[in-house]
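# Structural overview
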Amino acid sequence: MKTISALIAASLLVGASLTASAQENPAADFYKGETISLIVGTGPGGGFDQYARLLAPELSDATGATVVVENRPGGGGITAINQVASADADGLSVMLINGVPAALGQITGAPAVRFKLQDLPFLGRVAAEPWVLLVSKQSGYTSLKDLVEASKGGKTLSFSGLGRVDGPTDTAAVVCEALQLNCKLVVGFKGSSEASLAAIRGDVTGFAVTDRSARDYSQDGSLVPIAVVGHNRSKLLPDVPTIFEAVDVPEDAAFWIDFRAKVVDVGRALITTPGTPDDRVAFLREAFAKILSDPELVKTATDRGLPIDYASGKDVQDTVTEIFGDLPEDKISTIRDVLLSKYF
Amino acid sequence: MLDALISAGSQTLQPAVLWAVASALPVGLLFGLLPGLSGLTAMAVLIPFVYGMDGFAGLAFLLTAHAVVSTGGSVTAILLGIPGSPANAATVVDGVPLRNAGQSGTAVGAALTASAIGGVFGALVLLVLLPVLRPVILAFGPAETFLLSLMGLTFLAAVGAGSPARGLFAGAFGIFISFVGYEPVSGVPRYWLDYDYLLDGFRLIPLALGLFAIPELVALASGRMLEQSKGELPGTQLLNGMRAVFDRVGLVLRSSAIGSIIGIIPGVGGETAPFVAYAAARQSSPDPERFGTGIIEGVIAPEASNNAKEGGALVPTLVFGVPGSSGMALLLGAFLVLGLQPGPNFLRDHLDIGLGLVLILAVVNVLAAVLMFALMPILARVVSVPPRLLVPFLLMLALLGAYSTQGDMHDVVFTFVFGAVGLACVRYGFNRAALLLGFVLGPAVERYLEISLNIYGPGFVFRPICLVLIALMIAALFAPKIGSRLRRKRA
Amino acid sequence: MIRTDRLLICGTILAVLAMVVWGMTIGGYPANANVFPAIAAGGVLIFGLLALREPPPEGGAGDVTWSAMLWLVAVLPLVYLLGFRIALPLYAFIFAIARRTSPLVSLLLAVGVAVVVEALFVRVLGLRLSWGWLAGAFLR
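Calculation notes
Residues numbered from 1 in each chain as written. Chains lettered and ligands numbered in written order. Predicted model: local features only at pLDDT ≥ 70, side-chain atom pairs only at ≥ 80, totals over all residues. Heavy atoms only, no water. Helix = DSSP H or I, 4+ residues; strand = E, 2+ residues; numbered from the N terminus. Buried < 20%, exposed > 50% of the residue type's maximum accessible area, 1.4 Å probe, protein only. Contact = heavy atoms within 4.5 Å. Areas by Shrake-Rupley, 256 points an atom, 1.4 Å probe, with all protein chains shown as cover. Lys, Arg positive; Asp, Glu negative; His and termini not counted. Charge placed at Lys NZ, Arg CZ, Asp CG, Glu CD. Buried area = accessible area lost by both parts, 1.4 Å probe. Salt bridge = Lys/Arg side-chain N within 4 Å of Asp/Glu carboxyl O. Polar contact = N/O pair within 3.5 Å; in protein donor to acceptor, adjacent residues only side chain to side chain. UniProt positions renumbered as here; feature names shortened; annotations may be inferred. Domains from an automatic or database assignment. Pairing = 2+ DSSP bridges. Disulfide = S-S within 2.5 Å. Expected span 1.5 Å × (residues − 1). Bend = angle between axes of the 7 residues up to and from the residue.

So, about the overall build of chain C. Broken down by element type, chain C carries 7 helices and 0 strands. Mapped from its N terminus to its C terminus, chain C presents α and β elements in the order α-α-α-α-α-α-α. Considering only C-alpha atoms, chain C reaches an extent of 55 × 40 × 25 Å along its principal axes. Every one of the 140 residues in chain C was classed for burial, and the buried ones make up 38%. For chain C, restricting intrachain contacts to residue pairs at least 6 apart in sequence, the fraction spanning at least 24 positions comes to 60%. Total accessible area on chain C stands at roughly 8000 Å², and carbon and sulfur atoms take up 74% of it. The averaged location of the 5 negative side-chain charges in chain C is 15 Å from the averaged location of its 9 positive side-chain charges.

Moving on to the interface of chain C and chain B. By convention, interface size is frequently given as the accessible area that disappears when the constituent parts associate. Counting residues at the interface gives 66 residues for chain C and 58 residues for chain B. For the chain C and chain B pair, buried surface summed over both sides reaches about 5200 Å², with 82% attributable to carbon and sulfur atoms. Note that R166 of chain B and D5 of chain C form a salt bridge whose closest N and O atoms lie 2.9 Å from each other. In this assembly, chain C and chain B are joined by 8 residue pairs in polar contact (both at pLDDT 80 or more). Residue contributions to the side of chain C that touches chain B peak at 13 residues, all from helix α2 (residues 31–52) of chain C.

Right, let's get into the UniProt feature "transmembrane region" (unreviewed entry) in chain C. Residue and element names in this part refer to chain C. Look at the UniProt record and you will see "transmembrane region" (unreviewed entry) annotated at residues 7–29, 35–52, 64–84 and 104–125. With 100% helix and 0% strand, residues 35–52 has end C-alpha atoms that lie 26 Å from one another. Structurally, residues 64–84 is divided into 81% helix and 0% strand, and its ends, taken at the C-alpha atoms, are 26 Å apart.

On to the domain arrangement of chain C, then. The domain architecture assigned to chain C consists of domain 1 (4–52) and domain 2 (66–139). Just the C-alpha atoms count here: the centres of domain 1 of chain C and domain 2 of chain C sit 39 Å apart.

To continue, consider the pairing of strand β10 (residues 268–271) of chain A. Residue and element names in this part refer to chain A. Here β10 shows a buried face lined by R268 and L270 and a second buried face lined by A269 and I271. When strand β3 (residues 93–98) meets β10, the two strands line up antiparallel, connected through 4 bridges. Each residue of the ladder has a partner; that of N98, found in β10, is R268. Of the pairings in the sheet, the one linking strand β4 (residues 122–127) to β10 comprises 4 bridges and is antiparallel in character.

Before going further, it helps to examine the state of the cysteines. This structure, assessed with the given rule, holds 1 disulfide over all chains. At a sulfur-sulfur separation of 2.1 Å, the disulfide partner of C176 of chain A is C183 of chain A. On the S-S bond that ties C176 of chain A to C183 of chain A, the torsion sits near -85°, and the link is left-handed. Like C176 of chain A, the residue C183 of chain A is buried in the burial classification. Considering cysteine sulfurs only, C10 of chain C is the nearest to C425 of chain B, which forms no disulfide, with 16 Å between them.

Residue and element names in this part refer to chain B. When the terminal C-alpha atoms of helix α15 (residues 297–320) are compared, their 35 Å separation across 24 residues agrees well with the 34 Å that a helix rising 1.5 Å per residue should span. Along its length, α15 shows its largest kink, about 25°, at K309. Counting buried residues in α15 gives 24 out of 24 residues, a clear majority hidden from the surface. G321, located one to two residues past α15, shows a positive phi value of around 70°.

This paragraph deals with the sheet that holds strand β1 (residues 35–40) of chain A. Paired through backbone hydrogen bonds, the strands of a sheet run either parallel or antiparallel to each other. Residue and element names in this part refer to chain A. In spatial order, the strands read β2-β1-β3-β10-β4-β11; together these 6 strands make up an open sheet with mixed pairing. A single partner strand is all that each edge strand has here, and the edge strands are β2 (66–71) and β11 (311–312). The pairing of β4 with β11 spans 2 bridges and is antiparallel. Across the sheet, the residue bridging to G124 is S312, located in β11.

Attention now goes to the side chain of S115 of chain B. With respect to the helices and strands, the residue S115 of chain B is situated in helix α7 (residues 104–129). The exposure class of S115 of chain B is buried, given its relative accessible area of 0%.

Structure, rendered in structure tokens:
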């Protein structure tokens, strides 16, 4: 732990001193003429790929390096993180990761995970979307309170999902745990759109998605957004209350919502290989800070349906440290139980 | 509706849209012709180009490139015995014996004509269903998807020729290897040997290329020549093939309908459509034993269905924002790029765009076939290229095609691994088409059975559509036997 | 005389059964993850046994030679060593010339292959093709 915070502090110091003397920067010299791989853990065409292709030319301008987008799909993005985590520590492999499955995969000990997020240097966060719980119109419920009461009345609530720790399912799981609901999670759907169909059809009570998808799915009222699983309301759905506003969350249960919200805060984050020289990490962090706070880029991105919600590399690193830093062993096993087995 | 249709028509005739179609059509056909490059890759490559385009033109551009891939792929499947895209794999089964009999022109003519009709049929189905789409899709839940996939498996014995035991053995093996990788419900990766590549299981493109392309290349490298058309002029053969399709309207429509239905239902997987159409054609045929030995019906059925399925796949994409195939998932992304929001309200707000896409789909399918007919005199010459020049060229296309889907060397290596499997299949009479069909359907059967049991319990089989599907399945299993017994009695 | 097709069938059956048993025991997969592989393995077993009793099929591709297979597989190490962009044209050249093609035609073929690799796969598809172990070491 200490070494990590020391590293962070050191890199910050270096970063600060570099801004002062940007002219003679060894990291800047290093990147000139090199080739940076901007890696995404999905195939071409998806959201992550589009973000990467948007950022690549900007990163190239900012660093003087050639930036190539590389698609390395597999294992829900886990495979590519493994590869970046064990690549040459030269700072030439940068990856846009999906924070939720990465963090939860690590905590639940998913078989293929061979990285530790807290060891990876974070360069910044591109976007983070809050998660929203939706219920089916067919279910007859219209608010989170309805769900709590129905559960108290002995009803079982069901939620559809894909895998266990890639978003929809774990969101539903932490809500069920925090509010002590009677839940059954139906997983295995092929994509979030298929999971949404199951809810529209009324096969399940509801399901959870990012605020953006929630807005799309709820346009015609066949699905009703009932709560944001976190502390802040969504900008896209300003009328939807947070879970804390919707019901009384018992104090000891708030841990679950906080935990899930922190994982969401990691978001679509940029990482590089552990052991990369501090000056290069600082240089890349600064480059992304400049790129992602450029109003023009933010506008282009938003127009393409790619919202930008920048957070600095240090902030994301702090979030990751918070998630993994003070988790005692027994808490981890409780989390595993809730996410992997309790509600299935 | 009529207003929207007129507005859609005028939209389609805009110069920008015509340009988009004209430029995407050859790209789609080329990606079809080249083995390993599929509609998915075509779309992924073209997406960056739509950024500057006007909304409708952009969609027309992508849809065109995607919809005509299997038209181009049928020619490669027949002339070279290598499916141009996975959807053409079933065409190889009878296409190659036809070629070996000197009838490649007839087979290509029939395939292209069937593709065009199938594509138009798919577009028409889309048009007719537009107003009632929601209930249709909602009626097909996990339980119905499971039974449909299971029904597909009952066709395993009917794809291709040869010994049924060997066919089913290959099919069962295909099903088994489809279970490598993450199990859908528990999320446990199975049989992955701590090897990251296997987490998501074996991939379809290396499997299809390995099974079909490598054995063909080995045969060519062993000194076998490609048979050239004999007898009639190729032009006459093409016309004969065309006529053969029009003589079998019932078959074409039935196969197209199978394609449409499979396309509409998101879970089943469009790759299965041509196999199911092939098997259905065989089971309803008076002489099923001639299938696999070079019968024109064996080319018509899969080619009609694989073009029809594209229309079907557009349905859930437009109405729910739920992509019916992986290509449609990319199209969905393009909608967002163009500032359009597919989903429940899309057709209410943009009916003209929906109808415009239907029109495009119908038109480009016909155009694609016409263009391929026109190109045939040139393309047909590929078979007269000596193997010593053809093999390295095709090998390059196959290897880079496998590599390009994910940029992963493993896919190239596994193309060779499955190539060995394919060689063994050819040598010892195991059915490659059955292996591929089992591979595609296995995961769907497992996934949707588990989900159905989770949601409804075992009682799901008593849902009305499920009962109908079960009845159909039983009929399909026993009808051929009863049919042949009846015929024998009569004879 | 042992028939090769029987060997293949038996080998496949044993391998598949071994994997299923492994998954149920040492692999420790949950029950639902074992059901379908077990069913498929059952199919492999039953139809494999049926196929064993059948006479061998007539060699559908009897004209296949071992040397042709070796020739094809040889492209793989070449690609690993030199990368697609060098290996594929080189392979085409060697393949053609070893089959008594005139040097000029072989060269034209190699150039054609190189052009397609560069134009279609590198430019249009934007593939990032590595240079392989050997060529990569020199080009760095």
